Amino acid sequence: MLQTLAERLLSSHAVRDGQPLALDAQRSIHANDLLEVRVDRVLANDITGPIAIREFSKLGVETVFDPDAIVLVADHFTPNKDIASAEQTALLRRFARAQGLKHFYDVGRAGIEHVLLPEQGLVRPGDVVVGADSHTCTYGALAAFGTGMGSTDIACAMATGSAWVRVPESVRVEYVGELPPWIGGKDLILYTIGQIGVDGARYEALEFTGPALERLPMHARFTMSNMAIECGAKAGLFGTDCVTSAYVTAHPGPPLCVRHTEPWQPDAQATYARVVRLEVDALEPQVARPFLPDNVCGVSELGDVCIDQVVIGSCTNGRIEDLREAGDILRGHEVHPDVRCIVLPGSQYVVRQAAREGLLDTFLRAGAAVSTPTCGPCLGGHMGVLAAGERALSTTNRNFRGRMGHPESEVYLSGPAVAAASAVAGRITSPEEVLR
Amino acid sequence: MRWTGKVWKYGDHIDTDAIIPARYLMSSDPDALARHCMEDVDPVFASEVQPGDVVVAGENFGCGSSREHAPIALKAAGISCVVASSFARIFYRNALNIGLPILVCKRGADEAQTGHRFEVDVRGGVVKNETLGTTYPADAFTPFVLGLIDAGGLIPYTRDRLRDGVFDGLRGQATKEQPKRAGQS
């Protein structure tokens, strides 16, 4: 009867022939069971949405199951980089209008989806969210079962209000010790992926826990959950605590949105596939080298790695706290003459807040470019695509071959502090070196 | 569901950016995507692949993004089946959902090389390497997945169930953010 957090979240949403299960039936659900689950939010973007809309039209229904539950965000190739991408966003826009969708986020009111949805209060603890974007696992930070699917799955979820899932086994990751200075969510998750590998949690759910994560701020939790997919995980979950409650209170969402107030924690002595224990006392800032996110080492082990471009932002590290961390290092410094530094705030809110706090001024004075929110260069889309032989350090989530442009370019991954320090130094380095 | 074709062999962790780079995602037209399939790992693939050919790979095939463009590109390129030691989960779902046959078959994948000829029986779960004269059992599909395959993918499967009224309860519910009725606190 004891359940992991993934088992609790999914079983609470289980339906059979469209009807919810009785409580005792819910509690008997465990890993590897195949379920149909009710979904609270269904998400797609300007790349995955058009295919979902095309497939939706083949389902024989005129309307989505609930126009308030569907969220469409134009964030990948927006503001549109060319005619083809403009056509894709136009399709999204027409569908949103025709279906009366309340949550369609267009240029000027949008942001990078996984920064935007929590900020708008559209994801609550206890929710099940499916998204046609692999980083939908970000919502695990709020104890919501967020998971990425393809466009066809999302088309069916838009029509049925449900999705099929195999309940994943869970890996409990326990972080022990105290976090050293400059160590944030990105360092923790890169270290974790480096330890378990890019397929280290394939088809499984990660449960992040342990004394080192007590009081870990929400932005760092979003960063960690965001990259659960980079070790193959279906979800990366945190239980709720006072940090979650404070965030949910500060981001209340639509006024009439259903409130979940119960705490979401795994049962003590639930069954885990594995427990991974990681000591963090001596952790130094982590960097992933090309061409996989598990090719991780401490920044001091890197040697001399010169860079052409630094990207600070994305669904992984585009929140206001990330920009503050970068700003603290760039303030009073200049970006190295051989480096282009591009800052991508994650949402309209983040841009406004960064302006209020003087951060945009700090970035501009330092010689960085500041963009409107977009996924842009993370996937080699636009706003900072790399040429052959160029090398970037980026706070994004993937460093696959060709990810940010030419197949002969290279991407290193780090947190915002290392990225900002490296922009100043012109090579990958630790924040201490620049602030010395 | 039985095909014979030439093997295109790749290694571990072939990611979706390798299968179809994001720079081509401005279109979701299958033929346009097929022209750039596997471009960054194997520039000749798209021009030389023949209908019925089989992609064979190592561990974690299709890791990375959720883009359905990846299995769409492979299918439109003429690939009849992907055989791998293991698949990343979103790619696995996407391939089955759109009707691109896939099989998990570690030994068959390990021993294959580009240019070998495979005969693949998806429903029966058997991979035959005609060049080596070897036969391998693939991992069995769950009954649910077999149902999806037999239906021709998730769209026909779901369309039938929608028509049968299975989801009427979920579709008929109050909207998530519906205003409260007068008199409620």
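Residues numbered from 1 in each chain as written. Chains lettered and ligands numbered in written order. Predicted model: local features only at pLDDT ≥ 70, side-chain atom pairs only at ≥ 80, totals over all residues.

Draft legend 1. Region of the structure containing the interface of chain A and chain B. Every contact between the two is made by 61 residues of chain A and, on the other side, 48 residues of chain B. In terms of residue count, the dominant contributor to the side of chain A that touches chain B is helix H6 (residues 151-160) of chain A (six residues). Among the residues forming the side of chain A that touches chain B, the class breakdown is 26 nonpolar, 18 polar and 17 charged. (Contact = placed C-beta atoms within 7 Å. Helix = DSSP H or I, 4+ residues; strand = E, 2+ residues; numbered from the N terminus. Nonpolar A, V, L, I, M, F, W, Y, C, P; charged D, E, K, R; others polar.)

Draft legend 2. Here's a closer look at the pairing of strand S5 (residues 117-121) of chain B. Residue and element names in this part refer to chain B. Residues Phe118 and Val120 of S5 are buried on one face, while the alternating residues Arg117, Glu119 and Asp121, pointing to the opposite face, are not. Pairing analysis gives five bridges linking strand S1 (residues 2-9) to S5, with the strands arranged antiparallel. In the strand pairing of S5, glycine 5 is matched with phenylalanine 118. Strand direction decides the pairing type here: S5 and strand S6 (residues 126-129), joined by four bridges, are antiparallel. By the bridge assignment, valine 120 is partnered in S6 with valine 127. Hairpin connection from S5 to S6: four residues lie between these consecutive antiparallel strands, with glycine 125 at a positive phi of about 70 degrees. (Buried ≥ 20, exposed ≤ 12 C-beta atoms within 10 Å, placed from the backbone. Pairing = 2+ DSSP bridges.)

Draft legend 3. Representation of the sheet that holds strand S10 (residues 170-176) of chain A in the model. All names here are of chain A. A sheet is described by the order of its strands in space; here four strands give the open sequence S12-S11-S10-S13, paired in parallel fashion. Here the strands that pair on one side only, and so sit at the sheet edges, are strand S12 (235-237) and strand S13 (274-279). Averaged over all pairs of adjacent strands, the angle between their axes in this sheet comes to 20 degrees, without regard to strand direction. Note that S10 and S13 share six bridges and pair parallel. (Axes fitted to C-alpha atoms, helices over the stretch in contact; angles between N-to-C directions.)

Draft legend 4. Seen up close, the nonpolar core. Counting residues in hydrophobic clusters, the biggest one holds 200 residues, and the most contacted among them are Met158 of chain A together with Val82 and Val83 of chain B. A per-element tally of this core places helix H14 (residues 416-425) of chain A first, with seven residues. (Core = buried A, V, L, I, M, F, W, Y, C linked by C-beta atoms within 7 Å.)

Draft legend 5. Inspection of the confidence of the model for chain B at higher detail. All names here are of chain B. Overall, the prediction assigns chain B a mean pLDDT of 93, with 94% of residues at 70 or greater. Low pLDDT, under 50, characterises residues 179-185; the stretch is placed with two contacts to residues that sit more than four places away or in other chains. Scored as a whole, the predicted complex attains pTM 0.96, and scored at its interfaces, ipTM 0.94. (pLDDT = per-residue confidence, 0-100.)

Draft legend 6. Inspection of the domain arrangement of chain A at higher detail. All names here are of chain A. The domain architecture assigned to chain A consists of domain 1 (5-278) and domain 2 (287-435). Each of domain 1 and domain 2 has a C-alpha centre, and these two points are 25 Å apart. Across the contact, 34 residues belong to domain 1 and 32 residues belong to domain 2. For the side of domain 1 that touches domain 2, the secondary-structure elements that each account for two or more residues are helix H5 (113-119), helix H7 (185-196) and helix H8 (218-226). By residue number, the principal contributor to the side of domain 1 that touches domain 2 is H7, which donates six residues. (Domains from an automatic or database assignment.)

Draft legend 7. Broad picture of H7 of chain A. All names here are of chain A. Over its twelve residues, H7 extends 17 Å from the first C-alpha to the last, a length consistent with the 16 Å expected when each residue adds 1.5 Å. Along H7, eleven of the twelve residues are buried, which leaves the element largely enclosed by surrounding structure. All of the buried residues along H7 are Gly185, Lys186, Asp187, Leu188, Ile189, Leu190, Tyr191, Thr192, Ile193, Gly194 and Ile196. Looking one or two places after H7, you find glycine 197, whose phi comes out positive at around 95 degrees. (Expected span 1.5 Å × (residues − 1).)

Draft legend 8. Just the domain arrangement of chain B, in detail. Residues and elements named next belong to chain B. What the domain assignment lists for chain B is domain 1 (2-139) and domain 2 (141-170). Each of domain 1 and domain 2 was reduced to a C-alpha centroid, and the two centroids are 24 Å apart. With four residues of domain 1 at the interface, the matching set in domain 2 holds six residues. For the side of domain 1 that touches domain 2, a count of residues per class yields two nonpolar, two polar and no charged.

Draft legend 9. How the structure looks around the environment of alanine 77 of chain B. All names here are of chain B. Structurally, the position occupied by alanine 77 is in the loop between helix H4 (69-76) and strand S3 (81-84). According to the C-beta neighbour criterion, alanine 77 is buried, with 25 such atoms within 10 Å. Through-space distance from the C-alpha of alanine 77 to that of aspartate 53 is 9.2 Å; in sequence the pair is 24 residues apart. Beyond its immediate chain neighbours, meaning those up to four positions away, alanine 77 contacts Ala34, Cys37, Ala46 and Val49.

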